[in-house]
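So the chains spell out like this:
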Amino acid sequence: MHPQAHSIKPYTPELLRPWAETAREKGLKEIAFTDHDRYHEGVDFDEIEKLREANPDIKFRAGIELDNDPVTGKAGRAWVEKNWERLDFVLGSAHYLPPDPVMFDKTDRVDEFAQKDMAAACATYIAELEGMMDRGGIDCLSHLDLIKIHGVWYPTGGMLPYFQPLLERIRREGLAIEISTAGWRKPVGEAYPHADILRAAKQLGIPFTLASDAHSHAQLAEEYGRLSELLEQFDIHEVATYEKHQRKMIPLT
């Protein structure tokens, strides 16, 4: 989740307290703050610690979401390396398709993407995720098939053939992937990742984290009822959590 949303908003009690209150209302026991790395200046580990002390019934994990931003990516990664010991959890993601300098997942790009060679775009996207893994320093990959966000592409034979080699590398490197409800509020209208990718990941024994990719505390645990049904459908009975980058599997009740 992203308390700062899409601008630098320094962590303060006023910013973080609503997340604790909403988490409690939703019955959540543990949440991770994973602001985009381009806004790392707003992250304050001392404020997270104060929030922990004030809300001992909820576990708050300190995280960040690294992406492949061509402008801020190097600075974000340098910040992660500097603060690795203070972070619990680092997500890796890709929001740019080089050489395009604009985020491909911006919602006003639907019509443009309908005209794209999406097979080529997907290959570029996966290469960017491979690059993220090459650079290391991540625990989990978020919204793995974000390339589908605009709902304009579903290849004959499905998306799994594009992602299978990536999944096998994820397993080899001991990373997790995220099951995110955010896709249900996007044009694609389905969770990330697609059911075929989710099924293959489970067969490979890849662990999962859960996310709503909330950019407001009001989105916290959004569509978790549907998520529960999805987990039951795929016989997923435990999820991963991280503390100082050490993974622990938690059974779901």
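Quantities reported herein were computed from a predicted structural model and do not represent experimental measurements.

K.L.:
Can you explain the overall build of the protein chain? Please cite residues and give values.
P.N.:
Scanning the protein chain from terminus to terminus reveals eight helices and eight strands. Taken over the C-alpha trace, the protein chain has a radius of gyration of 17 Å; the compact-globule value for 253 residues is 18 Å, and the two agree within 12%. Projected onto its principal axes, the C-alpha positions of the protein chain cover 50 × 40 × 35 Å. Counting the 253 residues in the protein chain, one finds 54% classified as buried. The contacts of the protein chain with a sequence gap of at least 6 include a subset with a gap of at least 24, amounting to 75%. Charged side chains in the protein chain number 30 positive and 43 negative. The centres of these two groups are separated by 2 Å.

K.L.:
Describe the environment of Gly158, naming the residues involved and giving the relevant values.
P.N.:
Looking at the secondary structure, you find Gly158 in the loop between strand E4 (140-141) and helix H6 (160-172). Separated by 39 residues in the primary sequence, Gly158 and Ile197 place their C-alpha atoms 9.4 Å from one another.

K.L.:
Break down the packing of helix H5 (residues 118-135) against H6 for me, with residues and values.
P.N.:
Remark: H5 packs on H6, axes separated minimally by 10 Å, with the N-to-C direction vectors making an angle of 10°. In terms of orientation, H5 and H6 fall into the roughly parallel class. Between H5 and H6, the residues in contact are Ala119, Cys122, Tyr125, Ile126, Leu129, Glu130, Met133 and Asp134 and Tyr162, Phe163, Leu166, Arg169 and Ile170, respectively. Taken together, the residues of the contact of H5 with H6 sort by class into ten nonpolar, no polar and three charged.

K.L.:
Can you explain unusual backbone geometry? Please cite residues and give values.
P.N.:
Going from Pro98 to Pro99, the amide bond is cis rather than trans, its omega being 5°. Along the chain, the position of Pro99 falls in the loop between strand E3 (89-92) and helix H4 (110-114). Following Tyr192, the chain continues to Pro193 via a peptide bond in cis, the omega torsion being -5°. Looking at the element boundaries, Pro193 is found in the loop between strand E5 (176-180) and helix H7 (195-204). Positive phi, close to 60°, is recorded for Asp235, a residue that is not glycine. Assignment of secondary structure puts Asp235 in the loop between helix H8 (224-233) and strand E7 (238-243).

K.L.:
Describe the sheet that holds E3, and please don't skip the residues or the numbers.
P.N.:
Spatially, the six strands line up as an open sheet ordered E1-E2-E3-E4-E5-E6, and their pairing is parallel. The strands lining the two open edges of the sheet, one partner per strand, are strand E1 (30-36) and strand E6 (208-211). Two elements, E3 and E4, share two bridges in a ladder whose sense is parallel. Bridging from a neighbouring strand, Gly92 pairs with Leu141 of E4. Helix H2 (residues 45-54) contacts E1 and strand E2 (59-66) of the sheet and is inclined by roughly 150° relative to E2.

K.L.:
Account for the pattern of salt bridges, with residues named and values stated.
P.N.:
Enumeration according to the criterion identifies 19 salt bridges in this entry. Lys148 serves as the salt-bridge partner of Asp145, at 2.9 Å between the closest nitrogen and oxygen. If you follow the salt bridges from partner to partner, you end up with Glu130, Asp134, Arg169 and Glu173 in one network.

K.L.:
Describe in detail the side chain of Thr209, supporting the description with residues and values.
P.N.:
Structurally, the position occupied by Thr209 is in strand E6. Overall, Thr209 belongs to the buried group, its relative accessible area being 6%. When near neighbours in sequence (up to four residues on either side) are disregarded, Thr209 contacts Phe89, Cys140, Ala176, Ile177, Glu178, Ile179, Ala240 and Tyr242.

K.L.:
Please give an account of the nonpolar core that cites residues and values.
P.N.:
A general tendency of soluble globular proteins is for nonpolar side chains to be buried together. Counting 69 residues, the largest nonpolar core has Phe33, Tyr125, Leu144, Ile147, Phe163, Leu167 and Ile170 as its most contacted members. Among the elements that take part in this core, H5 stands out by supplying eight residues, more than any other. If you look at the next biggest cluster of nonpolar residues, it comprises seven residues, including Phe89, Cys140, Ala176 and Ala240.

K.L.:
Hey, could you go over helix H1 (residues 13-26) for me, with residue numbers and the actual values?
P.N.:
In this model H1 runs 20 Å from its N-terminal to its C-terminal C-alpha over 14 residues, within 8% of the 20 Å that 1.5 Å per residue would give. Within H1, the full set of buried residues consists of Leu15, Leu16, Trp19, Ala20, Thr22 and Ala23. Check the buried side of H1 and you find it contacts E1, H2 and E2. Looking one or two residues beyond H1, the residue adopting positive phi is Gly27, at roughly 80°.

K.L.:
Can you tell me about the state of the cysteines, naming the residues and giving the values?
P.N.:
Scanning all chains against the criterion turns up zero disulfides. No disulfide involves Cys122; its nearest neighbouring cysteine sulfur is the one of Cys140, lying 19 Å away. Judged by its relative accessible area of 0%, Cys140 is buried.

Reading the values: rules and limits
- Residues numbered from 1 in each chain as written.
- Predicted model: local features only at pLDDT ≥ 70, side-chain atom pairs only at ≥ 80, totals over all residues.
- Heavy atoms only, no water.
- Helix = DSSP H or I, 4+ residues; strand = E, 2+ residues; numbered from the N terminus.
- Rg over C-alpha atoms; globule rule 2.2 N^0.38 Å.
- Buried < 20%, exposed > 50% of the residue type's maximum accessible area, 1.4 Å probe, protein only.
- Contact = heavy atoms within 4.5 Å.
- Lys, Arg positive; Asp, Glu negative; His and termini not counted.
- Charge placed at Lys NZ, Arg CZ, Asp CG, Glu CD.
- Axes fitted to C-alpha atoms, helices over the stretch in contact; angles between N-to-C directions.
- Parallel < 35°, antiparallel > 145°, perpendicular 65-115°, else oblique.
- Nonpolar A, V, L, I, M, F, W, Y, C, P; charged D, E, K, R; others polar.
- Pairing = 2+ DSSP bridges.
- Salt bridge = Lys/Arg side-chain N within 4 Å of Asp/Glu carboxyl O.
- Core = buried A, V, L, I, M, F, W, Y, C linked by side-chain atoms within 4.5 Å.
- Expected span 1.5 Å × (residues − 1).
- Disulfide = S-S within 2.5 Å.

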